[in-house]
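Reading the structure
Spelled out from the first residue to the last, the chains are:
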Amino acid sequence: MAKHTVTLIPGDGIGPETTAAMQRVVEAAGADIEWEVAEAGAHLMEEFGTPLPPATIDAVRKNKVAIKGPVTTPVGTGFRSVNVALRQALDLNVCLRPVLSIPGAGGRYEDVDLVIVRENSEDLYAGIEFEEGTPDALDLIDFIEEKGAGTIRKDSGISIKPISKTASRNIVEYAFDYAERQGYKKVTAAHKANIMKHSDGLFLRTAREVAEEHPSIEFNDNIIDAFCMNIVMDPSQFDVIVFPNLYGDIASDLCAGLVGGLGIAPGANIGPEYAIFEAVHGSAPDIAGKDVCNPTAEILSAAMMLDHLGEQDIAAKIRAAVRKVYADGSVLTADIRKATGSNTAPASCTEFTDAVIQAL
Ligand code: NAD
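Residues numbered from 1 in each chain as written. Predicted model: local features only at pLDDT ≥ 70, side-chain atom pairs only at ≥ 80, totals over all residues. Heavy atoms only, no water.

A word on the site of the ligand
Taken together, 21 residues form the shell around the ligand, and within it Val71, Thr73, Gly282, Ala284 and Asn294 come nearest. At 3.0 Å from an oxygen atom of the ligand is found a side-chain nitrogen or oxygen belonging to Asp286. Contact distances for the ligand include 2.9 Å between a nitrogen atom and a backbone N or O atom of Asn294. When the ligand is considered free in solution it has 810 Å² of accessible area, and contact with the protein chains removes 68% of it. Residues belonging to the shell around the ligand are distributed by class as follows: nine nonpolar, eight polar and four charged. (Near = heavy atom within 4 Å. Polar contact = N/O pair within 3.5 Å; in protein donor to acceptor, adjacent residues only side chain to side chain. Areas by Shrake-Rupley, 256 points an atom, 1.4 Å probe, with all protein chains shown as cover. Nonpolar A, V, L, I, M, F, W, Y, C, P; charged D, E, K, R; others polar.)

Things to note about the packing of aromatic side chains
Taken as a whole and judged by the stated rule, the model has six aromatic pairs. One aromatic cluster is present, built from ring pairs that chain together Tyr174, Tyr178 and Tyr184. The residue whose ring lies beneath Arg118 is Tyr125, and the NZ or CZ to ring-centre distance is 5.1 Å. Looking at Arg181, its charged tip hangs above the ring of Tyr174, at a distance of 5.8 Å from the centre. (Phe/Tyr/Trp six-rings, centres within 6.5 Å; stacked < 30°, edge-to-face > 60°. Lys NZ or Arg CZ within 6 Å of the ring centre and 35° of its normal.)

Quick notes on the sheet that holds strand β12 (residues 275-278)
Remark on secondary structure: sheet strands pair via backbone hydrogen bonds, oriented parallel or antiparallel. Ordered by their spatial adjacency, 10 strands build an open sheet running β2-β1-β3-β12-β11-β4-β5-β10-β8-β9, and the pairing between neighbours is mixed. Only two strands of the sheet have a single neighbouring strand rather than two, namely β2 (33-37) and β9 (218-223). In this sheet, neighbouring strand axes are inclined to one another by 25° on average, regardless of whether the strands run parallel or antiparallel. Relative to β9, strand β8 (residues 186-191) is paired through six bridges, and the arrangement is parallel. Looking at β9, one finds that Val187 is bridged to Phe219. Lying on the sheet, helix α4 (residues 82-89) is in contact with β3 (65-68), β4 (94-100), β5 (113-119), β11 (268-270) and β12; it crosses β12 at an angle near 155°. Docked against the sheet, helix α7 (residues 200-212) engages β8, β9 and β10 (240-243), running at close to 165° with respect to β8. (Pairing = 2+ DSSP bridges. Helix = DSSP H or I, 4+ residues; strand = E, 2+ residues; numbered from the N terminus. Axes fitted to C-alpha atoms, helices over the stretch in contact; angles between N-to-C directions. Contact = heavy atoms within 4.5 Å.)

Considering helix α8 (residues 224-233)
Among all positions in α8, only Ile224, Phe227, Asn230 and Ile231 are buried. Seen from one end, α8 has its buried residues packed into an arc of 110°, which puts them on one side. Packed against the buried residues of α8 are β5, β8, β9, β10 and α9 (245-259). (Buried < 20%, exposed > 50% of the residue type's maximum accessible area, 1.4 Å probe, protein only. Arc of directions from axis to C-beta.)

Some details on the side chain of Asp239
Within the fold, Asp239 resides in the loop between α8 and β10. The side chain of Asp239 is buried and forms no salt bridge, while Lys185, the nearest opposite charge, is found at 6.3 Å. Of the polar contacts made by the side chain of Asp239, one reaches the backbone nitrogen of Lys185; its length is 2.8 Å. Excluding its chain neighbours within four sequence positions, the residues that come into contact with Asp239 are Asp113, Leu114, Val115, Tyr184, Lys185 and Lys186. (Lys, Arg positive; Asp, Glu negative; His and termini not counted. Salt bridge = Lys/Arg side-chain N within 4 Å of Asp/Glu carboxyl O.)

Digging into the pairing of β3
Side-chain direction in a regular strand flips from residue to residue, so the side chains alternate between the two faces of the sheet. The alternating pattern of β3 places Val65 and Ile67 and Ala66 and Lys68 on opposite faces, both of which are buried. When strand β1 (residues 4-9) meets β3, the two strands line up parallel, connected through three bridges. Looking across to β3, one finds that Leu8 is bridged to Ile67. In the sheet, β3 pairs with β12 via four bridges, with the strands oriented parallel. When the bridges of β12 are listed, Val65 appears paired with Ala275.

Examining the pairing of β12
Alternating positions in β12 separate into two faces, Ala275 and Phe277 on one and Ile276 and Glu278 on the other, with burial throughout. As paired elements, β11 and β12 share three bridges and run antiparallel to each other. Opposite Asn269, over in β12, you have Ile276 as the bridge partner. Here β11 hands over to β12 after four residues, the two strands then running antiparallel side by side.

Points about the packing of helix α1 (residues 15-28) against helix α10 (residues 296-308)
Running from N to C, α1 and α10 point in directions that differ by 50°, and their axes come no closer than 8 Å. Judged by the angle between their axes, α1 and α10 are oblique. In the crossing of α1 with α10, the sense of the turn from one axis to the other is right-handed. When α1 is examined against α10, the residues Thr18, Thr19, Met22, Val25 and Val26 are found in contact with a partner set consisting of Glu298, Ile299, Ala302 and Leu306. (Parallel < 35°, antiparallel > 145°, perpendicular 65-115°, else oblique. Left-handed = near helix turned anticlockwise from the far one by under 90°.)

Overview of the environment of Ala275
Among the secondary structure elements, Ala275 is positioned in strand β12. Since its relative accessible area comes to 0%, Ala275 is described here as buried. Between the C-alpha atom of Ala275 and that of Met305, which follows or precedes it by 30 residues, the distance is 8.4 Å.

Some details on helix α5 (residues 135-146)
With 12 residues, α5 should reach 16 Å at 1.5 Å per residue; the first-to-last C-alpha distance of 16 Å fits that figure. In the core, the buried residues of α5 are packed alongside β6 (129-130) and β7 (158-159). (Expected span 1.5 Å × (residues − 1).)

In short, the description is geometric, and any link to function would need to be established separately.
Quick look at the structure:
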């Protein structure tokens with residue numbers, strides 16, 4: 001087995017706990033990984049003046065593959081999201097989030113097997129915003145009125161929603177290629193093209209064009225609100241679902257809820273050159289530092305990373321061990337106990353990790 005050097009970004013909140021658990025499992029499964037630790041998080045503001053030191057971005061550039069824990073983004077302050085910054089700096093335009101039932105994890109359904117493909121670089125996440133009352137916001141409001149495009153209240157803050165043909169084509173092509181590679185039969189595009197004709201409408205038109213180039217894969221589309229109802233009623237009607245950035249973010253948590261919650265939902269941010277693997281969940285400040293979090297999502301993100309590194313056998317071994325622990329049901333963390341409605345005492349993050357290692 002080849003040796004791989006991977007950048008490890010523990011992050012903050014529960015990140016140091018979930019990533020330490022993940023490291024233990026990956027090492028016990030026999031992967032030969034040299035971890036190069038790089039920092040990101042709110043705790044770096046004082047020392048570096050930024051939550052994302054340039055050295056961390058350089059470390060990912062050097063190794064090309066990274067795995068990270070979550071990083072806190074305080075709401076409504078000037079503090080930029082580390083995740084959005086990393087995705088933009090490294091051109092990680094695809095966010096890939098498989099949603100798979102794990103028997104015993106308390107999911108609403110037994111057999112969910114679908115994949116979220118979320119555009120990662122634009123939409124309302126482009127970070128182009130104008131603060132209420134600033135000269136720039138007022139200029140923009142005047143400009144829009146002069147153009148006859150509509151009226152905006154003078155006391156508005158404004159976030160811009162750019163959606164390009166280029167990024168839409170890239171993400172939809174990725175969704176079709178992924179469906180073909182992994183043996184899925186259908187791609188669904190979710191959007192609100194009936195209301196936002198020039199952004200979501202462009203996304204949908206582009207998706208239809210790409211679909212014509214992939215006749216072996218079925219294609220349909222759902223308006224995002226109808227999608228939310230459809231997926232909750234019957235997830236089996238979906239295979240690969242492709243979204244613009246914001247809807248994909250929201251749908252990720254919704255879909256995680258179908259299979260047992262955020263504690264078990266893995267993900268990856270992938271670009272032409274670099275890839276960063278990370279759980280869907282955030283830094284969970286409410287439970288940080290208590291050894292109660294569920295490390296499954298981070299462990300399964302590592303399995304995705306091992307697939308990416310060509311270590312499919314070790315990835316499969318890790319997934320099988322996780323499933324064994326859930327099927328056994330005696331060592332499960334508090335979130336899963338809650339999801340399954342069980343009164344049995346929950347296991348700590350450490351105890352759960354020990355059980356996965358035992359099951360390898
Ligand atoms: P969250 O995902 O951190 O937590 C939502 C709920 O799920 C909380 O009750 C939490 O305790 C629970 N939860 C999450 N992960 C869990 C786990 N592994 N085990 C057990 N329970 C778990 O979402 P939030 O509270 O909205 O966000 C907290 C912070 O995380 C915010 O600053 C947000 O910006 C940030 N965030 C970061 C990322 C990332 O770094 N990729 C992603 C999402 C949110």
